[in-house]
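Commentary on secondary and tertiary structure
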Amino acid sequence: MQHDKILILDFGSQFTQLIARRVREAHVYCEVHPCDVSDDWVRAYAADGHLKGIILSGSHASVYEVDDRAPDAVFTLGVPVLGICYGMQTMAQQLGGKVEGSATREFGYAEVRAHGHTALLKGIADFTTPEGHGMLKVWMSHGDKVTALPPGFKVMASTPSCPIAGMADEARRFYGVQFHPEVTHTVQGRAILERFVLEICGAQPDWIMQNHIEEAVQNIRAQVGDEEVILGLSGGVDSSVAAALIHRAIGEQLTCVFVDHGLLRLHEGDMVMEMFAGKLHAKVVRVDASELFLRELAGVSDPEQKRKIIGRLFVDVFKAEAEKLKAARPGSKGAQWLAQGTIYPDVIESGGAKSKKAVTIKSHHNVGGLPEQLGLKLLEPLRDLFKDEVRELGVALGLPHDMVYRHPFPGPGLGVRILGEVKKEYAELLRRADAIFIEELRSTIEPHSGKSWYDLTSQAFAVFLPVKSVGVMGDARTYDWVVALRAVQTSDFMTADWAELPYALLKKVSSRIINEVRGINRVTYDVSSKPPATIEWE
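Residues numbered from 1 in each chain as written. Predicted model: local features only at pLDDT ≥ 70, side-chain atom pairs only at ≥ 80, totals over all residues. Heavy atoms only, no water.

Quick word on the side chain of Ser 290
Note that Ser 290 resides in helix 8 (residues 290-297). Take Ser 290: its relative accessible area is 17%, and that puts it in the buried class. In this structure Ser 290 touches Asp 260, His 261 and Gly 262, once residues within four positions along its chain are discounted. (Helix = DSSP H or I, 4+ residues; strand = E, 2+ residues; numbered from the N terminus. Buried < 20%, exposed > 50% of the residue type's maximum accessible area, 1.4 Å probe, protein only. Contact = heavy atoms within 4.5 Å.)

Okay, here's the thing in C-alpha cells:
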C-alpha cells in the first residue's frame, strides 16, 4: 500500500523524532532523513507523487556557523514546507532573509502573539488579550532569531524579544515557527502540526496500526524468504511485539532465544516462557547465562562500559545458540537472520538518527547492527515505530493488554539499575524491592480517575544505590543498603515529570521494602524530571 507521506529533514535536534511521532499521531506516514541529502535525492523521493509536505527540524547549531542547509529542491517541489526553530532560520536565510544572534535568548515557556490570520494559525489560540490578540503558550529554545524576512513572507507570530517568532509565505505555502510545536509544553502544538499535515498538505490519515500488520507481514516475508530467523526475546514490550509479528509472518521459521542474564525482574523468566512457548506456541529456547554475565560485569562500574559488555555478551550468546540450532539439524543452513525489537527512541538516544548530528546521550545494546563476525543479517520490523505505535500493534496482534502495556524495561535489565558494580546479591535485593513497588502501584487506585497508580505512571522502578546507611531495627543497629524509587509520567519519553505519588503509597512501599527485604534499611524517592535528568539512572 502506498501512503501519503511527510518528509522530515533532520538537522540534529534531539526533538526530531518527536516531530515524526506527532505526525504519526495524526495517522500520517512520515520518514526522517538527514538534512544533507542531495537535490536529486529529494526529487526522486517526491517522484511517486505521495510526498505531501516537508518539515525542517531544529538544531543545536547556528545557521551562520555551520553549513547545514535544506536542499534547494525543498523549495521548488511545490509542496508545503514548515520550518521549526533552526528549520525556520535556514528557510529564512536560504530564501533571502537574515538571521542574527539574539541579545535575549529564550529557553522555556513563552507566550506568542499570532498575526495575520494565516492558514497555519487561524483560529488556534490558548487565550485572547483584551485587545483581541490570539496568544499561544509555547516552548522556546533558541539563541538566534530571524531579523529580516525573505521576499514574499509576512510576520505570523511574535514575542517582545523576538519580533519574528513566526513567518509565512501563503502563496507558496511556506511557514516557519521559532517555537517547538512538537513538544507537549506547546499547548496547541498538536493542533498546529495537524493543521499543517492534514489541511495545508492535504495528506490522507491512513497510517493505522491495525492495517499496518498485513503490510509488515508482507515486508518480513519478502525480506526473509524461506530462511530462518533467530530472535532475542527479552520479555519487554518491544521484543515481545516483534516476536508476535514475525511469528505471524513466518511461523516455524522463527526461533526465539530468551537469554536469562541474571538481571531480570522477579519471576520474569517464567512469565516469558509461559506466554510465548505456552500460549503463542512459538519455538523458544531458554538460555541461563546469568553466571557468564555476572562474571564479565564483575568490577565494572562505568554505565557505558556495562552496556557495552552486556551488548557484546548478547551477541556472543546468540551466535552460540545459532550454531547449536544449526548443528542440531544436519543439512540445515541454520538461522540467517537475527531479529531485534529496536524502535525509534532507541535510535534517538544513541545519536543514531540518520543525520548522525544528534548528540549521543547513552548507547543501546540493540542499536547499530551486528558485528560482521556474527554472520547474521539484521531484521528490525519495529525500527521505525514509536512506543505507542508498538503497543497498538501488539494489541492488534492479540497480545495480552497487561503485557503490551507493561512499563518499559531496559535491555541491560537491572544491570543499569544497580549503580556501580553489579553483583548477584545486589540484583537479588533489587528485584525483590522492585516487585514490592510495582505490586503496590498496581493495587493502589487513584480515586478521581479510577485507575491504578501503575497505569497512571509511564515507568516506575527501584534503583540500587551502592551506599550503606545506619538504621535501627528493633533495639539493634543496622548498616544496610539504600534503594531509590523512580516513577515518571510522560507522553513521549523525550521529556518526563516525576510522578506525585501519594505519601500514603510511598510510606507503605518503604515500610514493606525495609521489613521484607533484609539488607535494605533506607528508601528514597527520586523527584528529578527529564530533562535535566534521564528516566533511567544509568
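On we go.
Things to note about helix 13 (residues 424-443)
Counted at 1.5 Å a residue, the expected span for helix 13 with its 20 residues is 28 Å, and the 29 Å between its end C-alpha atoms agrees. Residues of helix 13 that are buried: Tyr 426, Ala 427, Leu 429, Leu 430, Arg 431, Ala 433, Asp 434, Ile 436, Phe 437, Ile 438, Glu 440 and Leu 441. The inward-facing, buried residues of helix 13 contact strand 17 (451-452), helix 14 (453-456), strand 18 (459-473), strand 19 (476-489), helix 15 (503-516) and strand 21 (520-525). (Expected span 1.5 Å × (residues − 1).)

Observations regarding the UniProt feature "binding site: ATP" (unreviewed entry) in the protein
Those residues carrying the UniProt feature "binding site: ATP" (unreviewed entry) are Ser 234, Gly 235, Gly 236, Val 237, Asp 238, Ser 239 and Ser 240 in this numbering. Inspection of the secondary structure assignment puts Val 237 in helix 6 (residues 237-250). Ignoring sequence-local partners within four residues, the contact set of Val 237 consists of Lys 387, Val 390, Arg 391, Met 403, Val 404 and Arg 406. Here Ser 240 lies in helix 6. Residues contacting Ser 240, with those up to four places away along its chain left out, are Leu 233, Gly 235, Phe 276, Leu 399 and Met 403. (UniProt positions renumbered as here; feature names shortened; annotations may be inferred.)

Overview of the domain arrangement of the protein
Taken as a whole, the protein is organised into domain 1 (5-200), domain 2 (221-405) and domain 3 (424-525). Inter-centroid distance (C-alpha atoms) of domain 1 to domain 3 is 42 Å. In this assembly, seven residues from domain 1 lie in contact with four residues from domain 3. Summed over both sides, the interface of domain 1 with domain 3 buries roughly 470 Å², with 59% coming from carbon and sulfur. (Domains from an automatic or database assignment. Buried area = accessible area lost by both parts, 1.4 Å probe.)

Structural notes on the UniProt feature "active site" (unreviewed entry) in the protein
The UniProt feature table records "active site" (unreviewed entry) at Cys 85, His 180 and Glu 182. Across 98 residues in sequence, these annotated residues keep their C-alpha atoms within 11.0 Å of one another, forming a single compact spot. Mapped onto the elements, His 180 comes out in the loop between strand 10 (174-177) and helix 4 (189-200). Taking the relative accessible area as the measure of exposure, His 180 reaches 3% and is therefore buried. Not counting chain neighbours up to four residues away, the residues in contact with His 180 comprise Phe 15, Ile 84, Cys 85, Trp 139, Ser 141 and Thr 186. Given the relative accessible area of 1%, Glu 182 is considered buried. Not counting the four nearest positions on each side in its chain, Glu 182 is found in contact with Phe 15, Leu 18, Ile 19, Arg 22, Ile 84 and Leu 193.

A look at the pairing of strand 2 (residues 29-34)
Across the six residues that make up strand 2, a large majority, five, are buried. In this structure, strand 1 (residues 5-10) lies alongside strand 2, joined through six bridges in parallel fashion. For Leu 7, the partnering residue across the bridge sits in strand 2 and is Glu 31. Handedness of the β-α-β unit built from strand 1, helix 1 (residues 16-25) and strand 2 comes out right-handed. (Pairing = 2+ DSSP bridges. Right-handed = clockwise from strand over helix to strand, strands pointing away.)

With respect to the state of the cysteines
Using the criterion set out here, one finds zero disulfides in the structure. No disulfide involves Cys 85; its nearest neighbouring cysteine sulfur is the one of Cys 162, lying 9.5 Å away. (Disulfide = S-S within 2.5 Å.)

Observations regarding helix 11 (residues 387-396)
Residues of helix 11 that are buried include every one of Lys 387, Glu 389, Val 390, Arg 391, Leu 393 and Gly 394, and no others. Buried residues along helix 11 sit against helix 1, helix 5 (209-224), helix 6 and helix 12 (401-404).

Some details on the side chain of Arg 21
Along the polypeptide, Arg 21 turns up in helix 1. Separated by 2.5 Å, the side chains of Arg 21 and Glu 25 make a polar contact. Among the polar contacts made by the side chain of Arg 21, one reaches the side chain of Asp 388 at a distance of 3.3 Å. (Polar contact = N/O pair within 3.5 Å; in protein donor to acceptor, adjacent residues only side chain to side chain.)

A short note on the packing of helix 8 against helix 9 (residues 303-327)
Where helix 8 contacts helix 9, the axes come no closer than 10 Å and their chain directions differ by 145°. The chirality of how helix 8 crosses helix 9 is right-handed. Where helix 8 abuts helix 9, its residues Leu 292, Phe 293, Glu 296 and Leu 297 lie against Lys 306, Ile 309, Ile 310, Arg 312, Leu 313, Phe 314 and Val 317. (Axes fitted to C-alpha atoms, helices over the stretch in contact; angles between N-to-C directions. Left-handed = near helix turned anticlockwise from the far one by under 90°.)

Here's the deal with the sheet that holds strand 15 (residues 377-379)
Taking strand neighbours across the sheet as the criterion, the five strands line up as 13-12-11-14-15 in an open arrangement whose pairing is parallel. Since the sheet does not close on itself, it has two edges, and those belong to strand 13 (283-288) and strand 15, each with one partner. Strand-to-strand twist of the sheet, defined as the mean angle between neighbouring strand axes without regard to direction, takes the value 30°. Where strand 11 (residues 228-233) and strand 12 (residues 254-260) come together, five bridges link them in parallel fashion. Each bridged residue has a counterpart across the sheet, and for Val 229 the counterpart in strand 12 is Leu 254. Here helix 5 sits on the sheet and contacts strand 11, strand 14 (335-339) and strand 15; the angle it forms with strand 15, its principal contact strand, is near 175°. Where helix 7 (residues 268-279) meets the sheet, it contacts strand 11, strand 12 and strand 13, and its direction lies at approximately 165° from that of strand 13.

Section: the packing of helix 5 against helix 11
The geometry of helix 5 relative to helix 11 is characterised by a closest axis approach of 9 Å and an angle of 80° between their N-to-C directions. It follows that helix 5 is roughly perpendicular to helix 11 by the angle criterion. The segment helix 5 lies against helix 11, with Met 209, Gln 210, His 212 and Ile 213 engaging Glu 389, Glu 392, Leu 393 and Ala 396. Of the residues in the contact of helix 5 with helix 11, the class split is four nonpolar, two polar and two charged. (Parallel < 35°, antiparallel > 145°, perpendicular 65-115°, else oblique. Nonpolar A, V, L, I, M, F, W, Y, C, P; charged D, E, K, R; others polar.)

Comments concerning the packing of aromatic side chains
Centre-to-centre distance and the angle between the planes together describe a pair of aromatic rings. What the rule picks out here adds up to nine aromatic pairs. Ring centres of Tyr 29 and Trp 207 lie 4.8 Å apart, and the angle between their planes is 50°; on these two criteria the pair is classed as tilted. Taken together, the residues span a long stretch of sequence, with Tyr 29 in strand 2 and Trp 207 in the loop between helix 4 and helix 5 at a distance of 178 residues. Taking relative accessible area as the criterion, Tyr 29 reaches 16% and is therefore assigned buried. Relative to Trp 481, the ring of Tyr 426 has its centre 5.2 Å away and its plane inclined at 70°; by these criteria the two rings are edge-to-face. You can see Tyr 426 sitting in helix 13 and its partner Trp 481 sitting in strand 19, a full 55 residues away along the chain. (Phe/Tyr/Trp six-rings, centres within 6.5 Å; stacked < 30°, edge-to-face > 60°.)

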